[in-house]
Amino acid sequence: MPSFHRFIRGTLAALAILPALASAAYPEKPITLVVPWAAGGSTDILARLLSQHLTTSLGQSVIVENRSGASGNIGSAYVARAKPDGYTLLVGSMSTHTMNQALYATMPFDGVKDFTPIAELALVTNTMVVNPELPVNNVKEFIDYAKAHQGQLAYASAGAGSTNHLSAAMFEKATGIKMTHVPYRGGAPAVLDTVANRTQLLFSAGTQTLPHVNSGKLKLLAVTEDKRSPLLPKVPTVAETVPGYELAVWYGAFGPAGMDPALVEKLNKEINRILALPDVQKQMGDMGVQLLQTTPKQFGEVLVHDADKYGKLVRELGIRAED
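Residues numbered from 1 in each chain as written. Predicted model: local features only at pLDDT ≥ 70, side-chain atom pairs only at ≥ 80, totals over all residues. Heavy atoms only, no water.

Enquirer: Describe the layout of surface pockets, with residues and values.
Expert: The volume enclosed by the largest pocket comes to roughly 1,200 Å³. Lining of the largest pocket is provided by 42 residues; of these, Trp37, Ala158, Ser162, Gly186 and Gly187 occupy positions nearest its centre. If you tally residues by element for the lining of the largest pocket, the top one is helix α2 (residues 42–58), at four residues. Across the lining of the largest pocket, the residue classes break down as 16 nonpolar, 22 polar and four charged. (1 Å grid on protein atoms, 1.4 Å probe; cavity = no way out; pocket = protein on both sides within 12 Å on 5 of 7 lines; lining within 4 Å. Points joined across faces, edges and corners; volume = space filled by probe spheres on them. Helix = DSSP H or I, 4+ residues; strand = E, 2+ residues; numbered from the N terminus. Nonpolar A, V, L, I, M, F, W, Y, C, P; charged D, E, K, R; others polar.)

Laid out in structure tokens, this is it:
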């Protein structure tokens, strides 16, 4: 009988270490890193930097696959349906996981419940810019000018339901300003028409606006995060003039729901190591992207908080996506 008990204890102990052994052996084949946007954007550039370094450190190919369309829903849904074995991962964005649930009448996934948060990767400096012909130099002057010309100014966006649209709609509500929304099919034409003064105001990622600011074709008034960006320390936040205003656009690494916690921890540590590399920091910093260091738990808390916050805002403002 004692030998039988020893056998049972030994078997249970062996079973207990199987998940650890499985994650220790990972990866045993190539990994797919899905980007739910077209190639060439800042999300894609960050994903490709991660893939290069992960390929070297993990000893298996990490292949970036762009599955764009439906405001990020197509690529994200693909990952949500994948096996939670760590071989299909996602570099997603705040809009897809916290806004789309409220923007679309039907969704192919739940942005919180259908994913495993691995790491919050970065904050994309979200800027408030105006055409230089507008006689304003700060947020207060813009508010005063817009109120004196109520309904006469237009703001651009990358489309109904985009973060550009939400940023401006929040600003209108917080200040009592009325403006005309001009939606475009993407961020590039929205920027170009603000440069051309066909629209006067744009809230958009610094990756798109800062080159035009540096050339004098756009005027930078503020950033929309709750604190000043370390990349632009002299630029005030909107909240310094409009208390409570805040919109932070982040990128994050996800897997399908149900991933082994040991595997998630392994990926988190490796991704954080890469994000701390000076060359990676410089390349993304030059584009207005601030890289982060977070645990899966911290990222999960941000995800839940922002899904609740922005979901309520989208519904309250009555914004709908163009399905």
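Enquirer: Residue-level account of the pairing of strand β5 (residues 126–130), with values.
Expert: In terms of residue burial, β5 counts as a mostly covered element, since five of its five residues are buried. By the bridge criterion, five bridges tie β5 to strand β8 (residues 201–205) in an arrangement that is antiparallel. Bridging across to β8, Val130 finds its partner in Leu201. The pairing of β5 with strand β9 (residues 219–223) spans four bridges and is classified as antiparallel. Within β9, the residue paired with Val129 across the bridge is Leu220. (Buried < 20%, exposed > 50% of the residue type's maximum accessible area, 1.4 Å probe, protein only. Pairing = 2+ DSSP bridges.)

Enquirer: Summarise helix α9 (residues 261–275); cite the residues concerned and give the values.
Expert: Over its 15 residues, α9 runs 21 Å from end to end, which matches the ideal 21 Å to within 8%, given 1.5 Å per residue. Every buried residue belonging to α9 is among Leu263, Val264, Leu267, Asn268, Glu270, Ile271, Asn272, Ile274 and Leu275, and all of these are buried. One side-chain oxygen at the N-terminal end of α9 lies 3.1 Å from the backbone nitrogen of Ala262; it belongs to Asp260. (Expected span 1.5 Å × (residues − 1). Polar contact = N/O pair within 3.5 Å; in protein donor to acceptor, adjacent residues only side chain to side chain.)

Enquirer: Could you give an account of empty space enclosed by the protein, naming the residues involved and the relevant values?
Expert: Picture a little ball the size of a water molecule; that probe, rolled over the atoms, points out where space is still empty. Counted by the stated rule, this structure contains one cavity of 30 Å³ or more. Approximately 60 Å³ is the volume found for the largest cavity. In this structure, the largest cavity is lined by Leu33, Leu50, Leu54, Leu89, Val91, Ile118, Ala253, Leu267 and Ile271. When contributions to the lining of the largest cavity are tallied by element, the ones reaching two or more residues are α2, β3 (88–93) and α9.

Enquirer: Before we move on, could you go through the nonpolar core and cite the residues and values that matter?
Expert: Of all hydrophobic cores here, the largest spans 86 residues; its most connected members are Leu50, Ile118, Leu121, Met128, Phe142 and Phe171. The element best represented in this core is strand β4 (residues 115–124), accounting for seven residues. With sequence-adjacent residues up to four places away left out, Phe142 is seen in contact with Met128, Val130, Leu134, Val136, Leu153, Phe171, Ile177, Met179, Leu201 and Leu221. Counting residues in each nonpolar core, the second largest holds 13 residues, with Ala156, Ala190, Val223 and Leu232 among its members. (Core = buried A, V, L, I, M, F, W, Y, C linked by side-chain atoms within 4.5 Å. Contact = heavy atoms within 4.5 Å.)

Enquirer: Hey, could you go over helix α11 (residues 296–317) for me, with residue numbers and the actual values?
Expert: Under the 1.5 Å per step criterion, the end-to-end length of α11 is 31 Å for 22 residues, consistent within 8% with the ideal 32 Å. Those residues of α11 not exposed but buried are Pro296, Phe299, Gly300, Leu303, Asp306, Tyr310, Gly311, Leu313 and Val314. Buried residues along α11 sit in contact with α4 (94–103), β4, α6 (163–175), β10 (249–256) and α9.

Enquirer: A description of the pattern of salt bridges should follow, citing residues and the corresponding values.
Expert: Here the structure, examined in full by the defined rule, presents 11 salt bridges. Here Asp44 makes a salt bridge to Arg48, at a shortest N to O gap of 3.0 Å. Of the two residues, Asp44 and Arg48 both sit in helix α2, four residues apart, roughly one turn of that helix. Residue classification places Asp44 among the buried residues on the basis of a relative accessible area of 4%. (Salt bridge = Lys/Arg side-chain N within 4 Å of Asp/Glu carboxyl O.)

Enquirer: Explain unusual backbone geometry to me, and be specific about the residues and the numbers.
Expert: With an omega of 0°, the peptide bond running from Tyr26 to Pro27 counts as cis. With respect to the helices and strands, the residue Pro27 is situated in the loop between α1 (2–25) and β1 (31–35).

Purely geometric numbers; function is a separate question.
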